[in-house]
Number of protein chains: 2
Amino acid sequence: MSPKQQRGEATVELLLDAALRLYGQEGEQGLTVSAVTKASGVSLGSLYHHFGSIDGLVDALLMRWLERLLGEMVTALERSRTARTGVRALVRTYLSFVREHPAAGRLLHSSHADRLGMAQAKQLRDTQEARLTPLAGWLQRHVDKGEIAPLAPPLLESLVLGPVIGVSRRWLAVGDVDLDEAARVLPERIWRSVSTDGA
Amino acid sequence: MSPKQQRGEATVELLLDAALRLYGQEGEQGLTVSAVTKASGVSLGSLYHHFGSIDGLVDALLMRWLERLLGEMVTALERSRTARTGVRALVRTYLSFVREHPAAGRLLHSSHADRLGMAQAKQLRDTQEARLTPLAGWLQRHVDKGEIAPLAPPLLESLVLGPVIGVSRRWLAVGDVDLDEAARVLPERIWRSVSTDGA
DNA sequence: TGTACATCAGTGAACGCGCGTTCACTGATGTAC
DNA sequence: TGTACATCAGTGAACGCGCGTTCACTGATGTAC
């Protein structure tokens, strides 16, 4: 799957970069074989040599950016000692990632991502295990400590990431939301929704 | 746009129903002209007579179901007196809508919906004005009363609907979440995140 | 009530276009001896 | 260090398929007089 010669890696890089650029400009319908080859300057045959199909290329692109996002989130968590600072850091990390990589953000919210999550849930979890294990572990520790409410993990995930994704999608699609304000306000309110304390 | 003879309405109904059914079974790529005509039994020419294009049909389908969802949410709100019961009712209404109409839920979360929201934000707001005005009014009233935190409306919307959409998407795509548990747990936790009270 | 006529609704063959993919081939790279 | 060779990487013409759309036409409906 991965190139065994140096020039191969450069080609793969050119293709993935061009694909993301196109996705940012044109959306899903911009990701055609001819558009990607033209934008990257790489030949049609090379694309097929490295990715096998256009879906293979898109899957690889998704994986690459999912790994980067998860990597940043794990890093943010590892710097946090309490559950509260951790949750707040997650929220801020996600928002700044999307601000910095809007096209990647769009991609990760797209139906391609859903399709990948559906078709290859197991494979995805294997591939991203290095990222997901620390996340799950951190969560479990703070649930055990009684700081985070003992809900099913998907519910906790939705409570934390749901509003962040909502704001991100809106910022990307409509633009009528202030990311700075969101980064100021959301972390504490989201923390409230998953903490054990309170009302 | 809308049919001027009775039999026209029936045809439109057949087409929209078939399209939703296909979308539920096959996803976006199932929504082709030939698939819709075959599944509906309606001729190709009739489809173009009523909708002008396949995108026109999909847009109409989206509008129809968006209106139904918003309608149910407005109804739920009108039955609620306090901000807390209102927010909780919104959450539960959304979840039961998705449970009852999974294909429509998928459609409303799709990139088609984003595209519509982006391209026609203004037109959408005009078309759905009858639904959106009561929602915005309800929100403003309870912000004024000091029950709901005075945040920008898109942020409030994300805090309330974000987790619900997150859970719905996950239920639709992966299925590893219990909607009953979500309906039990989420309303109160979401309420916490938007209420003025507390920590 | 009857008739003429404009409009609406429905039909399906035909078209062209752009898509993803294949394939036979050339050239570059790295390795074994 | 030199050479032979297997493998990897890159190339682009060609293909076929399914897509959305057009269009000339027939039939049904409703309305005016």
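Above this text you will find the structure in question.
The rules behind these values
- Residues numbered from 1 in each chain as written.
- Chains lettered and ligands numbered in written order.
- Predicted model: local features only at pLDDT ≥ 70, side-chain atom pairs only at ≥ 80, totals over all residues.
- Heavy atoms only, no water.
- Helix = DSSP H or I, 4+ residues; strand = E, 2+ residues; numbered from the N terminus.
- Contact = heavy atoms within 4.5 Å.
- Areas by Shrake-Rupley, 256 points an atom, 1.4 Å probe, with all protein chains shown as cover.
- Lys, Arg positive; Asp, Glu negative; His and termini not counted.
- Charge placed at Lys NZ, Arg CZ, Asp CG, Glu CD.
- Buried area = accessible area lost by both parts, 1.4 Å probe.
- Salt bridge = Lys/Arg side-chain N within 4 Å of Asp/Glu carboxyl O.
- Nonpolar A, V, L, I, M, F, W, Y, C, P; charged D, E, K, R; others polar.
- 1 Å grid on protein atoms, 1.4 Å probe; cavity = no way out; pocket = protein on both sides within 12 Å on 5 of 7 lines; lining within 4 Å.
- Points joined across faces, edges and corners; volume = space filled by probe spheres on them.
- Phe/Tyr/Trp six-rings, centres within 6.5 Å; stacked < 30°, edge-to-face > 60°.
- Lys NZ or Arg CZ within 6 Å of the ring centre and 35° of its normal.
- Least-squares fit on C-alpha atoms with pLDDT ≥ 70 in both.
- Near = heavy atom within 4 Å.
- Polar contact = N/O pair within 3.5 Å; in protein donor to acceptor, adjacent residues only side chain to side chain.
- Buried < 20%, exposed > 50% of the residue type's maximum accessible area, 1.4 Å probe, protein only.
- Axes fitted to C-alpha atoms, helices over the stretch in contact; angles between N-to-C directions.
- Parallel < 35°, antiparallel > 145°, perpendicular 65-115°, else oblique.

Draft legend 1. Main features of the overall build of chain A. Summing up its helical and strand segments, chain A has 11 helices and 0 strands in all. Going from N to C terminus, chain A has its helices and strands arranged as α-α-α-α-α-α-α-α-α-α-α. Taking contacts inside chain A between residues at least 6 apart in sequence as the whole, the part at least 24 apart equals 69%. Accessible surface for chain A amounts to roughly 9,800 Å². Of this, 52% is attributable to carbon and sulfur atoms. Where the 24 positive side-chain charges of chain A centre and where its 23 negative ones centre are 2 Å apart.

Draft legend 2. Looking closely at the interface of chain A and chain B. Of the residues lining the interface, 36 residues belong to chain A; the matching set on chain B comes to 36 residues. Where chain A abuts chain B, roughly 3,200 Å² becomes buried across the two surfaces, and 55% of that area is made up of carbon and sulfur atoms. When the area that chain A buries against chain B is broken down by residue, the three leading residues are Leu155(A), Arg189(A) and Arg192(A), summing to 20%. Between chain A and chain B we count 4 salt bridges in total. Taking the shortest distance from any N to any O, the salt bridge between Arg170(A) and Glu157(B) comes out at 2.9 Å. Sorting the residues of the side of chain A that touches chain B by element identifies helix 7 (111-119), helix 10 (153-173) and helix 11 (179-194) of chain A as the ones contributing at least two each. It is helix 10 of chain A that provides the largest number of residues to the side of chain A that touches chain B, a total of 12 residues. When its residues are assigned to classes, the side of chain A that touches chain B shows 16 nonpolar, 9 polar and 11 charged.

Draft legend 3. Main features of the layout of surface pockets. Approximately 1,300 Å³ is the volume found for the second largest pocket. For the second largest pocket, the lining is made up of 40 residues, of which Glu28(A), Ser111(A), Glu28(B), Ser111(B) and His112(B) are closest to its centre. Counted by class, the lining of the second largest pocket contains 11 nonpolar, 16 polar and 13 charged residues.

Draft legend 4. Structural context of the packing of aromatic side chains. All names here are of chain A. Using the criterion set out here, one finds 2 aromatic pairs over all chains in the structure. For the ring pair Trp-65 and Phe-97, a centre distance of 6.3 Å and an interplane angle of 70° mean the geometry is edge-to-face. Pair noted here: Trp-65 is in helix 4 (residues 54-78) and Phe-97 is in helix 5 (residues 83-100), with a separation of 32 residues, a long-range link. Sitting above the plane of the Trp-65 ring, Arg-68 keeps its charged end 4.6 Å from the centroid.

Draft legend 5. Structural context of the relation of the copies chain A and chain B. Turning chain A through 180° and shifting it by 0.0 Å along the axis lays it on chain B, with an RMSD of 0.0 Å. Taken together, these values place the two copies in the relation of a two-fold axis. Distance from the rotation axis, computed per C-alpha, reaches its smallest value in chain A at Gly162(A): 2.1 Å. A shared interface surface links the copies, since 100% of the contact residues of chain A are contact residues in chain B too.

Draft legend 6. View of the protein's contact with DNA strand C. DNA strand C sits among 21 residues. The nearest are Lys4(B), Thr11(B), Gly45(B), Ser46(B) and His50(B). Backbone atoms, meaning sugar plus phosphate, form 68% of the atoms of DNA strand C positioned within 4 Å of the protein. At 2.5 Å, a side-chain N or O of His50(B) approaches a phosphate oxygen of DNA strand C. Put simply, the parts of the chain that give the surface near DNA strand C at least two residues each are helix 2 (33-40) and helix 3 (44-51) of chain A together with helix 1 (6-26) and helix 3 (44-51) of chain B. Examining the composition of the surface near DNA strand C, we find that 5 residues originate from one element, helix 3 of chain B, more than from any other. Residues of the surface near DNA strand C, tallied by class, amount to 7 nonpolar, 11 polar and 3 charged.

Draft legend 7. Structural detail: the pattern of salt bridges. Residues and elements named next belong to chain A. Enumeration according to the criterion identifies 18 salt bridges over all chains in this entry. For the salt bridge of Asp-17 with Arg-64, the shortest nitrogen-to-oxygen distance reads 3.6 Å. Taken as a pair, Asp-17 in helix 1 (residues 6-26) and Arg-64 in helix 4 lie far apart in primary sequence, 47 residues in all. On the accessibility criterion, Asp-17 (37% relative accessible area) is partly exposed. With a relative accessible area of 17%, Arg-64 lands in the buried category. Sharing partners across several salt bridges, the network here consists of Glu-13, Asp-17 and Arg-64.

Draft legend 8. Region of interest: the protein's contact with DNA strand D. Of all residues adjacent to DNA strand D, which total 21 residues, the nearest are Lys4(A), Thr11(A), Gly45(A), Ser46(A) and His50(A). Sugar and phosphate atoms constitute 70% of the interface atoms of DNA strand D, taking the interface as everything within 4 Å of the protein. Measuring from a phosphate oxygen of DNA strand D, one finds a side-chain N or O atom of Ser43(A) at 3.1 Å. At 3.2 Å from a phosphate oxygen of DNA strand D is found a side-chain nitrogen or oxygen belonging to His49(A). Only helix 1 and helix 3 of chain A together with helix 2 (33-40) and helix 3 of chain B provide two or more residues apiece to the surface near DNA strand D. If you tally residues by element for the surface near DNA strand D, the top one is helix 3 of chain A, at 5 residues. Along the lines of polarity and charge, the residues of the surface near DNA strand D split into 7 nonpolar, 11 polar and 3 charged.

Draft legend 9. View of the packing of helix 5 (residues 83-100) of chain B against helix 6 (residues 102-109) of chain B. All names here are of chain B. For the pair helix 5 and helix 6, interaxial distance at closest approach is 5 Å and the crossing angle is 115°. One finds that helix 5 runs roughly perpendicular with respect to helix 6. Between helix 5 and helix 6, the contacting residues are Tyr-94, Phe-97, Val-98, Arg-99 and Glu-100 on the first element and Pro-102, Ala-104, Leu-108 and His-109 on the second. Residue classes in the contact of helix 5 with helix 6 are distributed as 6 nonpolar, 1 polar and 2 charged.

Note that all results are geometric; they support no functional claim without further evidence.
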